[in-house]
Amino acid sequence: MSELVALGKAGVAVRKANDAGRGALVGYLPAGYPTYDGALDGLKALVDGGADVLELGLPYSDPVMDGVTIQRATEIALAAGLRTRDVLSTVEKIAAYSDVPVLVMTYWNPIERYGVDRFAADFASAGGAGLITPDLIPDEGAEWIAAADKHELDKVFLVSPSSTDERIAMTTAACRGFVYATAVMGVTGARDKPSELAAPLVARVKAATEVPVGVGLGISNGDQAAGVAAFADAAIVGAALVKALGDGGPAAVRALTEDLAAGVRREPRAAAGR
């Protein structure tokens, strides 16, 4: 089995960063915010600023995991008429712009309504790397797992500080790309400091799998990204980038991305290991 198939596109990008002695940067923005073209410009700014993996949000009407910043952004996108096909065309345009892997973060209902295998086929054809599915657990995701395997797409499932060791083992066994470790209990959003639960959770995940581990929820600047990259394989940033796009446009996204990218490049990374 090739490394690409075994790790997935996002996993290869993360490991490439790790092999260079640094953490990877995963940057999130929702499709369609502040406009369809504005989202494209924001995603290009993420690429140009140094993100290793892109996380593209598929706006949904009931975003139970998202905090106020992302909720408002997705509401604006939906109010403007954004649909799943527009998310796919966004993926296609960004995949043509760069070879940075594009993951889509989506709640499960839109994929089920679109048709699971149909979405996997269309998404793969658009150049997408895989899905992050916050409200789908592996033991209820057989249809998605089969479709993802068929089309060689990444499957990023979530673990949290409340996950048992048995749940972590089962979840990580189903992952390809990376494991998404949610560092805080509750909804997304930038915080003054990342949760103290993050490092112990990553250690538990690493004891169960060789798949890279990314930490999300709460990172908002380069210093915080550096702290996370010291023990995790990737730092995942969302709300802070969405706020930057809303407040200052693509230029602000690029400036913040450059700060975050500098953060994950700081030493030491010895504690992260494999």
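What counts, and where the lines are drawn
Residues numbered from 1 in each chain as written. Predicted model: local features only at pLDDT ≥ 70, side-chain atom pairs only at ≥ 80, totals over all residues. Heavy atoms only, no water. Helix = DSSP H or I, 4+ residues; strand = E, 2+ residues; numbered from the N terminus. Contact = heavy atoms within 4.5 Å. Areas by Shrake-Rupley, 256 points an atom, 1.4 Å probe, with all protein chains shown as cover. Core = buried A, V, L, I, M, F, W, Y, C linked by side-chain atoms within 4.5 Å. Buried < 20%, exposed > 50% of the residue type's maximum accessible area, 1.4 Å probe, protein only. Pairing = 2+ DSSP bridges. Phe/Tyr/Trp six-rings, centres within 6.5 Å; stacked < 30°, edge-to-face > 60°. Axes fitted to C-alpha atoms, helices over the stretch in contact; angles between N-to-C directions. Parallel < 35°, antiparallel > 145°, perpendicular 65-115°, else oblique. Left-handed = near helix turned anticlockwise from the far one by under 90°. Nonpolar A, V, L, I, M, F, W, Y, C, P; charged D, E, K, R; others polar. Salt bridge = Lys/Arg side-chain N within 4 Å of Asp/Glu carboxyl O.

A. Highlighting the overall build of the protein. Within the protein one finds 11 helices and 9 strands. Excluding contacts between residues fewer than 6 apart, the proportion of contacts in the protein whose partners are at least 24 apart in sequence is 75%. Summed over all atoms, the accessible surface of the protein reaches about 10,900 Å², with 51% contributed by carbon and sulfur.

B. Here's a closer look at the nonpolar core. Counting residues in hydrophobic clusters, the biggest one holds 93 residues, and the most contacted among them are Leu54, Trp144, Phe178 and Val215. A per-element tally of this core places helix α11 (residues 239–264) first, with 10 residues. Contact partners of Leu54, with chain neighbours within four places excluded, come to Gly27, Leu43, Leu46, Val47, Ile94, Val100, Pro101, Val102 and Leu103.

C. Molecular detail of the environment of Phe123. Of note, Phe123 is situated in helix α6 (residues 116–126). Relative accessible area serves as the criterion here: at 0%, Phe123 is assigned to the buried category. Through-space distance from the C-alpha of Phe123 to that of Leu88 is 6.2 Å; in sequence the pair is 35 residues apart. Once you skip the residues sitting within four places of it in the chain, Phe123 turns out to touch Leu88, Val91, Val102, Val104, Gly128, Ala129, Gly130, Leu131 and Leu153.

D. Representation of the side chain of Thr257 in the model. Tracing the sequence through the fold places Thr257 in helix α11. When neighbours within four sequence positions are excluded, Thr257 is seen to be in contact with Leu25, Ala45, Leu46, Gly49, Gly50, Ala51 and Leu241.

E. Inspection of the pairing of strand β3 (residues 102–105) at higher detail. Across the two faces of β3 the burial is the same, with Val102 and Val104 and Leu103 and Met105 all buried. The pairing of strand β2 (residues 53–57) with β3 spans 4 bridges and is classified as parallel. Following the sheet pairing, Gly57 is matched in β3 by Met105.

F. Geometry of the packing of aromatic side chains. If you walk through the whole model with that rule in mind, you get 4 aromatic pairs. On the basis of an interplanar angle of 15° and a centroid distance of 5.5 Å, the ring pair of Phe119 and Phe123 is categorised as stacked. Placement of the pair is Phe119 and Phe123 together in helix α6, with a separation of 4 residues, close to one helical turn. The burial state of Phe119 is the same as that of Phe123; both residues are buried. Put simply, the rings of Tyr114, Phe119 and Phe123 pair up and form one aromatic cluster.

G. Representation of unusual backbone geometry in the model. Pro34 follows Tyr33 through a cis peptide bond whose omega is -5°. Not every positive phi belongs to a glycine, and Glu152 is a case in point at roughly 55°. For Glu152, the location among the structural elements is in the loop between α7 (142–150) and β5 (154–156). The class for Glu152 is exposed, based on a relative accessible area of 52%.

H. Geometry of the packing of α6 against α7. Put simply, α6 and α7 touch, their axes get as near as 9 Å, and they point 30° apart. Between α6 and α7, the crossing angle belongs to the class labelled roughly parallel. Crossing handedness for the pair α6 and α7: right-handed. Residues Val116, Asp117 and Ala120 of α6 lie in contact with α7, whose contacting residues are Glu143, Trp144, Ala147 and Lys150. Residue classes in the contact of α6 with α7 are distributed as 4 nonpolar, no polar and 3 charged.

I. Local environment of the pattern of salt bridges. What the rule picks out here adds up to 11 salt bridges. The partner of Lys155 in a salt bridge is Asp149, with the nearest N and O atoms 3.0 Å apart. Residue class for Lys155 comes out buried when judged on its relative accessible area of 7%. Residues participating in the shared-partner salt-bridge network are Arg15, Lys206 and Asp233.

J. Looking closely at the packing of helix α8 (residues 165–174) against helix α9 (residues 198–206). For the pair α8 and α9, interaxial distance at closest approach is 9 Å and the crossing angle is 60°. As far as their axial angle goes, α9 and α8 are oblique. Between α8 and α9 lies a crossing of right-handed hand. Counted together, Asp165, Ile168 and Thr172 of α8 and Leu201, Arg204 and Val205 of α9 form the full contact between these two elements. Grouping the amino acids of the contact of α8 with α9 by side-chain chemistry returns 3 nonpolar, 1 polar and 2 charged.

K. Structural context of the sheet that holds strand β8 (residues 213–216). The strand order across the open sheet formed by 9 strands is β5-β4-β3-β2-β1-β9-β8-β7-β6, and the pairing between neighbours is parallel. Bordering the open sheet on either side are β5 and β6 (158–159), each of which pairs with just one other strand. With 3 bridges connecting them, β3 and strand β4 (residues 130–132) associate as parallel partners. Bridge pairing in β4 places Val104 opposite Leu131. Where α9 meets the sheet, its contacts fall on β6, β7 (179–182) and β8, and the angle it forms with β8 comes to roughly 155°.

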